[in-house]
Amino acid sequence: MQLRVPLCYDSSPEWVETVMNDFDSFLQDHADCERKASSMAMSFVAKFPDRLEILPELIDTAVEELEHFRSVYKIMQERGIKLNHEIQEDQYVKQLIKSCRSGREERFMDRLLLASIVENRGAERFRLVYENLPQGKLKEFYQDLWASEAKHGEVFVKMALIYFDEDDVYKRLKEMNEIEGKIMEAMPLSPRLH
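Residues numbered from 1 in each chain as written. Predicted model: local features only at pLDDT ≥ 70, side-chain atom pairs only at ≥ 80, totals over all residues. Heavy atoms only, no water.

Let us look at the overall build of the chain. Counting its secondary structure elements, the chain contains 7 helices and 0 strands. In the chain, the succession of α and β elements from N to C terminus is α-α-α-α-α-α-α. Taking 2.2 N^0.38 as the reference for a compact globule, 194 residues should give roughly 16 Å; the C-alpha atoms of the chain span a radius of gyration of 16 Å, in line with that estimate. Along the three orthogonal principal directions, the C-alpha set of the chain runs to about 45 × 30 × 30 Å. Put simply, the chain shows about 9900 Å² of open surface, and 51% of that area lies on carbon and sulfur atoms. Computed over 27 positive and 37 negative side-chain charges, the separation of the two mean positions in the chain equals 3 Å. (Helix = DSSP H or I, 4+ residues; strand = E, 2+ residues; numbered from the N terminus. Rg over C-alpha atoms; globule rule 2.2 N^0.38 Å. Areas by Shrake-Rupley, 256 points an atom, 1.4 Å probe, with all protein chains shown as cover. Lys, Arg positive; Asp, Glu negative; His and termini not counted. Charge placed at Lys NZ, Arg CZ, Asp CG, Glu CD.)

Following this line, the structure appears as structure tokens:
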């Protein structure tokens, strides 16, 4: 059983340069994304409490994302950076959600696959950040984070495979990856994860 479907669009060197030129803003956005990722995992628990097979892993994922938030916040404190007062609306995720189907089961599958894609995009971008940071604690942190996010991308696909036919899951994942690639390509450059 394959688990990884490659992203259809590679982040540009210009995106990396934008992040490196305003790393403090990137850290603020990164902290916001970790809070949202934790909330997203818990929203599955709230909306689908009958999906007993995946509840423990969803809770573990939510806790791990919250731990990532704590780690990013610690880095921000060391650098004298404050959290954003309000979490900005994520246009990337908002557009991805528009591509989700509306039937209960179809939407459940699409939301799991959307979570996988968002985690895979995070992994790709954390890897790029890691590769472009100088040696030190920050570089090590982003190396660890990259591995963790890649694992989360696979977790959500595995969850979908518990409930849906493998061919259907991978067909839809490919479609959603293509949609994500177009959305990402059209996003303006900014020091944000998405």
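Further notes follow.
Scanning the model with the defined rule gives 13 aromatic pairs in all. Their ring planes at 80 degrees and their centres at 6.0 Å tell us that Phe23 and Tyr142 sit as a pair that is edge-to-face. With a gap of 119 residues between them, Phe23 in helix α2 (residues 23-47) and Tyr142 in helix α6 (residues 137-163) connect regions that are remote in the sequence. When its relative accessible area of 8% is taken as the criterion, Phe23 is described as buried. Look at Tyr142 and you get buried, because its relative accessible area is 0%. Seen from their ring centres, Phe108 and Tyr163 are 5.5 Å apart, and the 65 degrees between their planes marks the pair as edge-to-face. (Phe/Tyr/Trp six-rings, centres within 6.5 Å; stacked < 30°, edge-to-face > 60°. Buried < 20%, exposed > 50% of the residue type's maximum accessible area, 1.4 Å probe, protein only.)

Moving on, we get to the confidence of the model for the chain. Close reading of the predicted structure is inappropriate where its pLDDT is low. Averaged over every residue, the pLDDT of the chain is 93; the share at 70 or more is 97%. Here α6 stands out as the element of the chain with the lowest mean pLDDT, 91, in contrast to helix α1 (residues 13-21), whose mean of 97 is the highest. (pLDDT = per-residue confidence, 0-100.)

A general tendency of soluble globular proteins is for nonpolar side chains to be buried together. Counting 34 residues, the largest nonpolar core has Phe44, Leu58, Tyr92, Leu113, Phe156 and Val169 as the members making the most contacts within it. Listing elements by their share of this core, those giving two or more residues are α2, α3 (55-79), α4 (91-98), α5 (104-132), α6 and α7 (166-186). Broken down by element, this core gets its largest block of residues, 8 residues, from α5. In this structure Leu113 touches Val157, Ala160, Val169, Arg172, Leu173 and Met176, once residues within four positions along its chain are discounted. Membership of the second largest hydrophobic core comes to 23 residues, among which are Trp15, Ile81, Tyr130 and Tyr142. (Core = buried A, V, L, I, M, F, W, Y, C linked by side-chain atoms within 4.5 Å. Contact = heavy atoms within 4.5 Å.)

With that settled, consider the pattern of salt bridges. With the rule as written, the count across this model stands at 16 salt bridges. A salt bridge links Glu105 to Arg51, with the shortest nitrogen-to-oxygen separation between them at 2.5 Å. Of this pair, Glu105 sits in helix α5 while Arg51 is found in the loop between α2 and α3, placing the two residues 54 residues apart along the sequence. The class of Arg51 is buried, set by a relative accessible area of 8%. When the shortest N-O distance is used, the salt bridge between Glu78 and Lys137 registers 3.8 Å. (Salt bridge = Lys/Arg side-chain N within 4 Å of Asp/Glu carboxyl O.)

Here we come to a nonpolar patch on the surface. The grouping of Met42, Ile59 and Val63 at the surface amounts to a nonpolar patch, some 230 Å² of accessible area in total. For Val63, the location among the structural elements is in helix α3. (Patch = residues over 30% accessible without salt bridge, like charges linked within 9 Å, V, L, I, M, F, W, Y side chains within 5 Å.)

Our next topic: α3. End to end, α3 covers 36 Å across 25 residues, agreeing with the expected 36 Å (1.5 Å per residue, within 8%). Along α3, the residues classified as buried are Leu55, Leu58, Thr61, Ala62, Glu64, Glu65, His68, Phe69, Val72, Ile75 and Met76. Tucked inside the fold, the buried residues of α3 contact α2, α5 and α6. Remark: Gly80 follows α3 within two positions and exhibits a positive phi of approximately 70 degrees. (Expected span 1.5 Å × (residues − 1).)

Tracing the sequence through the fold places His30 in helix α2. With a relative accessible area of 0%, His30 lands in the buried category. Apart from the residues within four sequence positions on either side, His30 is in contact with Val72, Phe126, Phe141, Tyr142 and Leu145.

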